[in-house]
2 protein chains.
Amino acid sequence: MNVLPADIWLRVKRGVTLWEALENTDIELEGECGGLGKCGKCKIRVITAIGPPTAETAELLTPEELDKGIRLACRTKIKKDLVIRTEVLNNEVELFQILKYGEMPIIELDPLVDKRSVSVAPPSLQNVLSDVDRIREALGPEYQNLKISHHCLASLYGDLRATNFDGTAVLHDGCLLAWEPAKMAARRYGLIFDLGTSTLVGKLVSLLEGQEVAVVSRLNSQSKHGTNVISRIQYVKEHSKDGLSHMRRLLMEDINTLTHRLLEVGRLVAEEIFVVVTAGNTTMQHFLLGLNPTGIAEAPFAPVITEAVVVRAQDVGLHLHPDAMLYVMPSKSGYIGGDLIGFMLASGAADREDRLALGLDFGTNGEIFLGNRRRMLTCSAAAGPALEGARITRGMIGKAGAIEGVRLEDNDLRYQVIGNIKPKGLCGSGLVDLVALLLHHGLVDSEGLLRPSQEGQVNAMESRVIKRKGSEVHDFLVASSRESFDGREIYLTQDDVRELQLAKGAIAAGVKILIKTMGVDIGDIDVIYLAGALGNYINPYSAMRVGLIPRLDPEKITPLGNAASTGAKMALLSRRCWEKSAEITHLVKHVELSSHPDFFHYFIEEMNYPGENLW
Amino acid sequence: MNVLPADIWLRVKRGVTLWEALENTDIELEGECGGLGKCGKCKIRVITAIGPPTAETAELLTPEELDKGIRLACRTKIKKDLVIRTEVLNNEVELFQILKYGEMPIIELDPLVDKRSVSVAPPSLQNVLSDVDRIREALGPEYQNLKISHHCLASLYGDLRATNFDGTAVLHDGCLLAWEPAKMAARRYGLIFDLGTSTLVGKLVSLLEGQEVAVVSRLNSQSKHGTNVISRIQYVKEHSKDGLSHMRRLLMEDINTLTHRLLEVGRLVAEEIFVVVTAGNTTMQHFLLGLNPTGIAEAPFAPVITEAVVVRAQDVGLHLHPDAMLYVMPSKSGYIGGDLIGFMLASGAADREDRLALGLDFGTNGEIFLGNRRRMLTCSAAAGPALEGARITRGMIGKAGAIEGVRLEDNDLRYQVIGNIKPKGLCGSGLVDLVALLLHHGLVDSEGLLRPSQEGQVNAMESRVIKRKGSEVHDFLVASSRESFDGREIYLTQDDVRELQLAKGAIAAGVKILIKTMGVDIGDIDVIYLAGALGNYINPYSAMRVGLIPRLDPEKITPLGNAASTGAKMALLSRRCWEKSAEITHLVKHVELSSHPDFFHYFIEEMNYPGENLW
Ligand code: FES
Ligand code: FES
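What you see is a predicted model, and the numbers here were worked out from it, not measured in a lab.

Reading the values: the criteria
- Residues numbered from 1 in each chain as written.
- Chains lettered and ligands numbered in written order.
- Predicted model: local features only at pLDDT ≥ 70, side-chain atom pairs only at ≥ 80, totals over all residues.
- Heavy atoms only, no water.
- Helix = DSSP H or I, 4+ residues; strand = E, 2+ residues; numbered from the N terminus.
- Rg over C-alpha atoms; globule rule 2.2 N^0.38 Å.
- Buried < 20%, exposed > 50% of the residue type's maximum accessible area, 1.4 Å probe, protein only.
- Contact = heavy atoms within 4.5 Å.
- Areas by Shrake-Rupley, 256 points an atom, 1.4 Å probe, with all protein chains shown as cover.
- Lys, Arg positive; Asp, Glu negative; His and termini not counted.
- Charge placed at Lys NZ, Arg CZ, Asp CG, Glu CD.
- Domains from an automatic or database assignment.
- Least-squares fit on C-alpha atoms with pLDDT ≥ 70 in both.
- Patch = residues over 30% accessible without salt bridge, like charges linked within 9 Å, V, L, I, M, F, W, Y side chains within 5 Å.
- Salt bridge = Lys/Arg side-chain N within 4 Å of Asp/Glu carboxyl O.
- Nonpolar A, V, L, I, M, F, W, Y, C, P; charged D, E, K, R; others polar.
- Core = buried A, V, L, I, M, F, W, Y, C linked by side-chain atoms within 4.5 Å.
- Expected span 1.5 Å × (residues − 1).
- Phe/Tyr/Trp six-rings, centres within 6.5 Å; stacked < 30°, edge-to-face > 60°.
- Axes fitted to C-alpha atoms, helices over the stretch in contact; angles between N-to-C directions.
- Parallel < 35°, antiparallel > 145°, perpendicular 65-115°, else oblique.
- Left-handed = near helix turned anticlockwise from the far one by under 90°.
- Pairing = 2+ DSSP bridges.
- Disulfide = S-S within 2.5 Å.
- Polar contact = N/O pair within 3.5 Å; in protein donor to acceptor, adjacent residues only side chain to side chain.

**Section: the overall build of chain A**
Summing up its helical and strand segments, chain A has 19 helices and 27 strands in all. Relative to its length of 615 residues, chain A is compact, with a C-alpha radius of gyration of 27 Å against a globular reference of 25 Å. Each of the 615 residues in chain A was classed as buried or not, and the buried ones make up 60%. Counted over contacts in chain A with a minimum sequence separation of 6, partners at least 24 positions apart contribute 67%. Carbon together with sulfur atoms contributes 50% to the accessible area of chain A, which is approximately 24,900 Å² in total. Across chain A, the 67 positively charged side chains and the 78 negatively charged ones have centroids separated by 4 Å.

Right under this line is the structure:
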């Protein structure tokens, strides 16, 4: 089988599906349902002759697509030699709107790994100490109990002499990791990784100045086994023999690829990196460490470990200096992961007593925190992936071609597309913006029904509300076939409006439960921190209009960008911040929504869109 | 090339010496000079036709040997296919009189690695803690800060469930190394290794009761690069590319071989061993850790490291449980190694204030300590290898065929041979015994001259003092060609007497300097501890007669056997003892003899044998 555009040749067995054939390759398909033939996203195009589609394929694809040879990889069995073209380009060449930066509070630089220029006395009859003791002597009294890694020790004799006893000590937590030439003192770098379920972001950070030298990202290769952690855990359960190691390997390859690129940009070699900090949800962190995450998916949702893990990076398969240390952020529970702890750390919410902070991270699980240094509550609301563009008819993640915002101009809809190309679909912020606009204009009512306004006036907006043939409900035409990238109309469907309704209902119910548990009112909130890409690009008015965030003075809203990686960076640059992340996990009390007696009640209550307009 | 009796076929290059050809094989030659053609011990027998010997070979071998095809491996170049027979049998089948046991003070069992039977609460809605936190809970408050090795963590999910949450925790210094089935609680073993320059001894020790379950030993394979550490360090220097790794590999293979056999005897698998303690001289410990020992051989004799090293056994190449810990005993300097620290630990000398103890370990370097808990001095006297049988014409180590003791019976010499076979040579204790006897009977005078007694009486003893043809001096016939194992006469030569004289002179001078430095008299010594095989088998009266140990009440002499391994065992069984070994290194003050102003003076003074008879 030949796969274009990557031009890869694969030997495959007859009878397996294209999905299975591509599973262990570098080629990534978009499938959200994990190969179950339900999401219709794992499209590929078969160039050579092909038989009729299966019933499922026919249902999920347009006749034009079928004509072009487009099929669902997970429903197409291989019967003979064939050439296919993956519609999705290699994810790396595309323009992502992943948040790669983030705001960071001012911290004192005290990185997890430090370097010091040291002049060691050479051995002499006056100084017959061992090499190690002479290094201790040179480092001064605070390093009296200095330890040495075995790897460093093994080459110390030669290294000390090669540098004429004048070099750079690489120090980690009272342990000498390496002895380098003197000129290496100025090269101090660390890596951080934000391990998202859908996207992995890596950054190369200078430990001397704290700034980000390089940032790269890629789609999480595990995505081919489902877009959410539950389907990946399911995969591990179903492949008890090697499912876990397969997932771990996919992640390692991704991280090593990102690392490779970061090093290229920074003109560094792998051996120069002595420290990595990662923040991710609990499941991704389990995969990173090779831990079985099955417990997280089953009541009572117990992970193998929640506290921070510090381990040699080499032991988990990262290709860096052999003694490089990997710091994995602590998590609180199966659903309150290192990413949320990083978010809290970046927000500084747990540092202050005088301000009540609400934090919102919109992902597949809406993660929420509320509190301050005295008390901090968190919960995780199963918002579904709607805000990430999944389960939305023409939804997509925030990359080139996604409508990220809409506005009214000359009484008609105008949209803004990432990359300024023709639109391919809607990402989360575009979805929220659009539904807010429709609510404002009465085209969606507070119960979430999409219909022409009662007044009977026909204007440009009204005319976009269409009952398509064979349909009982109305949809909203966002872009005509002429306007869109692929020549297919882009509709916001009634179902899409409902999906957003479910997501916002879950999140608003979560916020409400935290507010009640804390014994405060919405009005007592002093600041709202938003994390993640959606939090950064979302229009605060639209978010309030649809009820995704509480109606407060918009001045109170502070988007923090990629807050998980900001937290990881803070931990990398300051041992105090690293320690604080553990303190936060002890401070935090988790409120389990699924078993909370009021959750269902609040969820129903919050399902409706707010009735009142905001502007 | 075919090597008998091992029946090994080797492909070798023309022009290399037999020594070089055998260097990287399992076949061990005895050579003491490290292949320099000086010691005449690397004998092999060439079965196929062979050319005339080199001049060096001819000088070091008897004409009979040359006739039989015996050659020095290090001086014989390979010119064509040949079959050789190594005279030395594979070292393992021989009977060694290596001291494998030792007396141990009573200690409280608190092994470096411990096991505990634990019942962990399964996850439930009432207990949503992580697996790790539930283990902590089950272990109780003292394990609140329990850490987990990454390897253990990676399989913990499955291991806990496979054991139904009821198992055995393997604990090391506050860290969980493994979770095992409940029935494994009773299987607790550790290994100790005494890394001697010539012999390696390994023991399997029960951590439940402290007894030695199995003991094995083998010749140190590094011996083919010289019998003393200096020639091995020289080898490392001359082979800067891979000399160190070659030496390390030889040692690792030896240790892994010993381990394999210990496990076989104990019916254990490698994964059941979680802890190893080694004691050895500083150079052997450097080899073990892969550290360059070059500094030890050059003034100012600075090792890379002296303090104890605790490292994952896997990191240095031992095949045990992946998380097994290797404890390497601390040393004090290049010549006061972990073996001497182990000796001091085993003696308990540093525990008591009220007794002044003298400790003597007779090896290539005579290692000496003097003191008590208040003050402890050590020195290392370059006694040469005479006491180990090397550099003595018919000297040999204490294995089958060695004369280990002599006595007078019916006015003639009677000897006692290890293994009760015909004698092959003299080992250290036989040498000391014999010279003491000759001194007693006036056949050796206090200046070390071997000659017939002045009285002119001719008795059986007298008649053994022979001036051999072509010789200016007298030698002493120990065994006639009829009596000896190989049909060659066994003489104690005048040179042999001188060698012992040098050895005892160096040791006695060392003792004297410690005595003076301490400001005490010989008579103040309350107890003399002897370590090592020689210390155990030596006749105290003979040792005093030749002046090897001070003349004191023989009741004060306590042989401790293999004291280094006893010290290692104590450290294995008791964390307190392990910690004490570090305290000892801090207590100890090393007196450098080579630069001591009085050493040469005392050495000359002590070179003479004592004049007075003892019995
Ligand atoms: S339809 Fe193929 S992956 Fe979802
Ligand atoms: S003579 Fe060959 S090793 Fe010494």
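**Quick notes on the domain arrangement of chain A**
It is common to give the size of an interface as the accessible area that goes away when the parts come together. Domain assignment breaks chain A into domain 1 (2-88), domain 2 (113-186), domain 3 (190-328) and domain 4 (394-492). A separation of 65 Å is found between the C-alpha centroids of domain 2 of chain A and domain 4 of chain A.

**Focus: the relation of the copies chain A and chain B**
Mapping chain A onto chain B calls for a rotation angle of 180 degrees and an axial translation of 0.1 Å; the resulting RMSD is 0.1 Å. As the rotation angle and translation indicate, the two copies are arranged about a two-fold axis. Across chain A, the smallest distance between a C-alpha and the rotation axis is recorded for A:D315, namely 5.7 Å. Both copies present the same face, since 100% of the interface residues in chain A are matched by interface residues at the equivalent positions in chain B.

**Examining a nonpolar patch on the surface**
Together, A:Y541, A:L614 and A:W615 make up an exposed nonpolar region whose accessible area comes to about 310 Å². Secondary-structure assignment places A:W615 in the segment after α19 (599-607).

**Things to note about the interface of chain A and chain B**
Tallying the contact residues gives 37 residues for chain A and 37 residues for chain B. Here chain A and chain B share 4 salt bridges between them. Looking at side-chain class alone, the side of chain A that touches chain B contains 20 nonpolar, 9 polar and 8 charged residues.

**What about the environment of A:G158?**
Residue and element names in this part refer to chain A. Note that G158 resides in helix α5 (residues 150-162). Look at G158 and you get partly exposed, because its relative accessible area is 41%. When the C-alpha atoms of G158 and R75 are compared, they prove to be 60 Å apart, with 83 residues separating the residues in sequence.

**Observations concerning the nonpolar core**
For soluble globular proteins, nonpolar side chains are generally found buried alongside one another. A:L360, A:F476, A:L492 and A:I507 are the most contacted members of the largest nonpolar core, which has 66 residues in total. Here this core gets 11 residues from one element, more than from any other, and that element is helix α14 (residues 494-518) of chain A. Listed in part, the 65 residues of the second largest apolar core include B:L356, B:L377, B:L387 and B:L413.

**What to know about helix α18 (residues 575-587) of chain A**
All names here are of chain A. If you check α18, its first and last C-alpha atoms are 18 Å apart, about what 13 residues at 1.5 Å a residue would give, namely 18 Å. Residues of α18 that are buried: R575, C577, W578, K580, S581, I584 and T585. At its buried positions, α18 is contacted by β8 (166-172), β14 (309-312), β15 (325-328), α11 (338-347), α17 (563-573) and β27 (588-590).

**A word on the packing of aromatic side chains**
Following the criterion strictly, the structure yields 8 aromatic pairs over all chains and no others. Ring geometry for A:F301 and A:Y335: centres 6.1 Å apart, planes at 70 degrees, overall edge-to-face. Within this pair, whereas A:F301 is found in the loop between α9 (294-297) and β14, its partner A:Y335 is found in the loop between β15 and α11, the two being separated by 34 residues in sequence. Judged by relative accessible area, which is 26%, A:F301 ranks as partly exposed. A centroid spacing of 5.0 Å and a plane angle of 65 degrees characterise the contact between B:F343 and B:F369, whose relative ring orientation is edge-to-face. Separated by 26 residues along the polypeptide, B:F343 in helix α11 (residues 338-347) and B:F369 in strand β17 (residues 366-371) bring together distant segments of the chain.

**A closer look at the packing of α17(A) against α18(A)**
All names here are of chain A. The geometry of α17 relative to α18 is characterised by a closest axis approach of 5 Å and an angle of 125 degrees between their N-to-C directions. On the basis of their axis angle, the class for α17 and α18 is oblique. Seen along the crossing, α17 lies across α18 with a hand that is left-handed. Residue-level contacts link M570, A571 and L573 of α17 to R575, C577 and W578 of α18. Among the residues making up the contact of α17 with α18, the classes are represented as 5 nonpolar, no polar and 1 charged.

**A few points about the sheet that holds strand β25 (residues 527-531) of chain A**
Residues and elements named next belong to chain A. Across the sheet, which stays open at both edges, the 6 strands sit in the order β26-β25-β16-β17-β18-β27 with mixed pairing between neighbours. Looking at strand neighbours, the two that pair on one side only are β26 (557-559) and β27, the edges of this open sheet. Each neighbouring strand pair of the sheet contributes to a mean axis angle of 20 degrees, computed without reference to strand direction. In this sheet, β27 lies alongside strand β18 (residues 376-381) in parallel orientation, the contact comprising 3 bridges. Bridging from a neighbouring strand, T378 pairs with H590 of β27. The strands touched by α11 within the sheet are β16 (357-361), β17 (366-371), β18, β25 and β27, with β17 carrying the most contacts at an inclination of about 40 degrees. In the packing of α14 onto the sheet, contacts are made with β16, β17 and β18, and the angle to β17 comes to roughly 20 degrees.

**A word on the packing of helix α6 (residues 229-238) of chain B against helix α8 (residues 282-289) of chain B**
Helix-helix packing: each pair is described by the crossing angle between the helix axes and the interaxial distance. Residues and elements named next belong to chain B. As a packed pair, α6 and α8 sit with axes 10 Å apart at the nearest point and diverge in direction by 35 degrees. For the crossing formed where α6 meets α8, the hand is left-handed. Packed against α6, whose contacting residues are V229, R232, I233 and V236, the element α8 presents T283, M284 and F287 at the interface.

**As for α11(B)**
Note that an α-helix has 3.6 residues per turn; residues three or four places apart therefore point the same way. The element α11(B) is extensively covered by neighbouring structure, given that 10 of its 10 residues are classed as buried. Along α11(B), the positions that sit buried rather than exposed are B:G338, B:D339, B:L340, B:I341, B:G342, B:F343, B:M344, B:L345, B:A346 and B:S347.

**Describing the sheet that holds strand β24 (residues 490-492) of chain B**
All names here are of chain B. As summarised here, the arrangement of the 3 strands in space is β22-β23-β24, forming an open sheet in which the pairing is antiparallel. If you trace the sheet from one side to the other, it starts and ends with β22 (465-467) and β24, each paired once. With strand direction ignored, the average angle separating the axes of adjacent strands in the sheet is 50 degrees. Contacts from helix α12 (residues 428-440) reach β23 (474-479) and β24, with the element oriented near 60 degrees to β24. Set on the sheet, helix α13 (residues 494-518) makes contact with β23 and β24; between it and β24 the angle comes to about 50 degrees.

**Observations regarding the pattern of salt bridges**
In the structure shown here, the tally under the stated rule is 65 salt bridges over all chains. The shortest N-O distance in the salt bridge between B:R312 and A:D315 comes to 3.2 Å. Linking B:R312 in strand β14 (residues 309-312) with A:D315 in helix α10 (residues 313-316), this pair reaches from one chain into another. Looking at B:R312, the relative accessible area reads 18%, which means it is buried. Residue A:D315 is classed as partly exposed on the basis of its relative accessible area, which comes to 29%. The partner of A:E499 in a salt bridge is A:R391, and the shortest N-O contact between them spans 3.8 Å. Pair noted here: A:E499 is in helix α14 and A:R391 is in the loop between β18 and β19 (402-409), with a separation of 108 residues, a long-range link. Here A:E499 falls in the buried class, since its relative accessible area comes to 17%.

**Describing the state of the cysteines**
On inspection of all chains with the given rule, the structure shows 0 disulfides over all chains. The closest cysteine sulfur to the non-disulfide-bonded A:C175 is located on A:C152, 7.8 Å from its own sulfur.

**Remarks on the side chain of B:H225**
Residue and element names in this part refer to chain B. Relative to the elements of secondary structure, H225 occurs in the loop between β12 (212-219) and α6. Here H246 takes part through its side chain, which lies 3.0 Å from a polar atom of the side chain of H225. The contacts of H225, once residues within four sequence positions are left out, are E23, G34, S231, R232, Y235, H246, M247 and L250.

**Side note on a negative patch on the surface**
A cluster of acidic residues, A:E108, A:D110, A:D173 and A:E579, forms a negative patch at the surface. Residue position: A:D173 is located in the loop between β8 and β9 (175-181).

**Comments concerning the side chain of A:D496**
Along the polypeptide, A:D496 turns up in helix α14. Here A:D496 is in contact with A:R391, A:I392, A:T393 and A:Y491, once residues within four sequence places are set aside.

**Some remarks on the environment of A:L262**
Residues and elements named next belong to chain A. Here L262 is to be found in helix α7 (residues 243-266). You can call L262 buried: its relative accessible area is 0%. For L262 and T493, which are 231 residues apart along the polypeptide, the C-alpha to C-alpha distance reads 41 Å. Residue contacts for L262: discarding those within four places in its chain leaves L191, F193, G202, K203, L204, A214, V215 and V216.

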